[in-house]
Amino acid sequence: MNVSVIVFPGTNCDHDIEHTYARLLDAKVNSIWHRETDLKQPDLVVLPGGFSYGDYLRAGALAKVSPIMESIINFANKGGPVLGICNGFQVLCEVGLLPGVLLQNIGMKFLSRTVYMKVASTDTPFTRGYQQGDLLPCPVAHFDGNFFADDSTIDSLEQSDQVIFRYSSPEGVVDPSCRAWNPNGSVRAIAGICNEKRNVLGFMPHPERALETLVSEYGPDLKEGPKGMELFRSALEFVG
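Residues numbered from 1 in each chain as written. Predicted model: local features only at pLDDT ≥ 70, side-chain atom pairs only at ≥ 80, totals over all residues. Heavy atoms only, no water.

A. Geometry of the overall build of the protein. If you tally the helices and strands in the protein, you get five helices and 11 strands. For a compact globule of 240 residues, the expected C-alpha radius of gyration is about 18 Å, and the protein comes in at 16 Å, within 12% of that figure. Along the first, second and third principal axes, the C-alpha set of the protein runs to 45 × 40 × 30 Å. Burial analysis of the protein (240 residues in total) assigns 55% to the buried set. Considering only contacts within the protein whose residues lie at least 6 apart along the sequence, 77% involve residues at least 24 apart. Of the accessible surface of the protein, which amounts to about 10200 Å², a share of 48% is contributed by carbon and sulfur atoms. Between the mean site of the 20 positive side-chain charges and the mean site of the 28 negative ones, the protein shows a separation of 1 Å. (Helix = DSSP H or I, 4+ residues; strand = E, 2+ residues; numbered from the N terminus. Rg over C-alpha atoms; globule rule 2.2 N^0.38 Å. Buried < 20%, exposed > 50% of the residue type's maximum accessible area, 1.4 Å probe, protein only. Contact = heavy atoms within 4.5 Å. Areas by Shrake-Rupley, 256 points an atom, 1.4 Å probe, with all protein chains shown as cover. Lys, Arg positive; Asp, Glu negative; His and termini not counted. Charge placed at Lys NZ, Arg CZ, Asp CG, Glu CD.)

Below, the structure written as structure tokens:
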């Protein structure tokens, strides 16, 4: 399996993704600089986290005009799986592959802490290995993570089963007004969404930072149910 990881100026989570796919999942990984136009025949494209172009203007606003984005759009429009994490999610929204926008956190502070993503839908290549309601404990690290769209767009996402993850308590309770477990203020506690074709997925938290006990207390030794690895593995199995 070939995975193309997109790198912009300011990207800082590309090595985490490369480690996940190359070392933990035995896939071939190509690091693609944003000024390139060749995706190198990927089975999967990943836009990792970071601060592309220093979040100048707004998060993802300049990355959307990078030369590589036209190839990513074409790949996605042909049904190729595309995953955007944190800044990658912001870029996918900016370029129009996903609806909505990521605003500044409701508390106007950078958030670096653990949250829980609750699986709201398993009908994507990335979440097909989970059961609805499964919890993924993982870190967030962002200032612009407040997902927002107008009511009609949100209603459409809900009706089309495009809300894939929600922020929840460790017990799985979803409460959009709870700043403890929906800390950035995302509308309806939405942590991640997919497109209508279900092949493009974006979310704000970083499950790639919680895959091994060496770097996280939420590694595989913690008996709290499924972890983030299934999310990364599922897409490879889907295209394989």
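B. Representation of the packing of aromatic side chains. Counted under the stated rule, the structure contains five aromatic pairs. Ring plane angle 40 degrees and centroid distance 6.4 Å describe the contact between F51 and F110, whose orientation is recorded as tilted. Of this pair, F51 sits in the loop between strand 3 (44–47) and helix 2 (68–77) while F110 sits in the loop between strand 5 (101–103) and strand 6 (111–119), placing them 59 residues apart in sequence. Cation over ring: R113 sits above W181, and NZ or CZ is 5.1 Å from the ring centre. (Phe/Tyr/Trp six-rings, centres within 6.5 Å; stacked < 30°, edge-to-face > 60°. Lys NZ or Arg CZ within 6 Å of the ring centre and 35° of its normal.)

C. Broad picture of unusual backbone geometry. Positive phi, close to 60 degrees, is recorded for D161, a residue that is not glycine. Along the chain, D161 falls in the loop between helix 4 (151–159) and strand 9 (163–168). What makes D161 partly exposed here is its relative accessible area of 32%. Positive phi, close to 75 degrees, is recorded for R198, a residue that is not glycine. In this structure, R198 sits in the loop between strand 10 (190–194) and strand 11 (200–203).

D. Spatial organisation of the packing of helix 1 (residues 14–24) against helix 5 (residues 229–239). Their axes nearest at 11 Å, the elements helix 1 and helix 5 cross at an angle of 65 degrees. As helix 1 runs across helix 5, the sense of the crossing is right-handed. Contacts between helix 1 and helix 5 involve I17, T20, Y21 and L24 on the former and, on the latter, M229, F232 and L236. Classifying every residue of the contact of helix 1 with helix 5 gives six nonpolar, one polar and no charged. (Axes fitted to C-alpha atoms, helices over the stretch in contact; angles between N-to-C directions. Left-handed = near helix turned anticlockwise from the far one by under 90°. Nonpolar A, V, L, I, M, F, W, Y, C, P; charged D, E, K, R; others polar.)

E. Seen up close, the side chain of R198. What makes R198 buried here is its relative accessible area of 12%. Aside from chain neighbours lying at most four places away, what touches R198 is S121, D123, T124, P125, S160, D161, Q162 and I164.

F. Expanded view of the sheet that holds strand 4 (residues 82–85). Sheet architecture is open: nine strands sit in the order 2-1-3-4-11-10-9-6-7, paired in mixed fashion. With partners counted over all chains shown, the strands left at the sheet margins are strand 2 (28–33) and strand 7 (135–142), one partner each. Within this sheet the neighbouring strands show an average axis-to-axis angle of 25 degrees, counted without direction. The pairing of strand 6 with strand 7 spans eight bridges and is antiparallel. What sits directly across from M117, in strand 7, is L136. Along the sheet face, helix 3 (residues 87–94) touches strand 3, strand 4, strand 10 and strand 11 and points at about 120 degrees away from the line of strand 4. (Pairing = 2+ DSSP bridges.)

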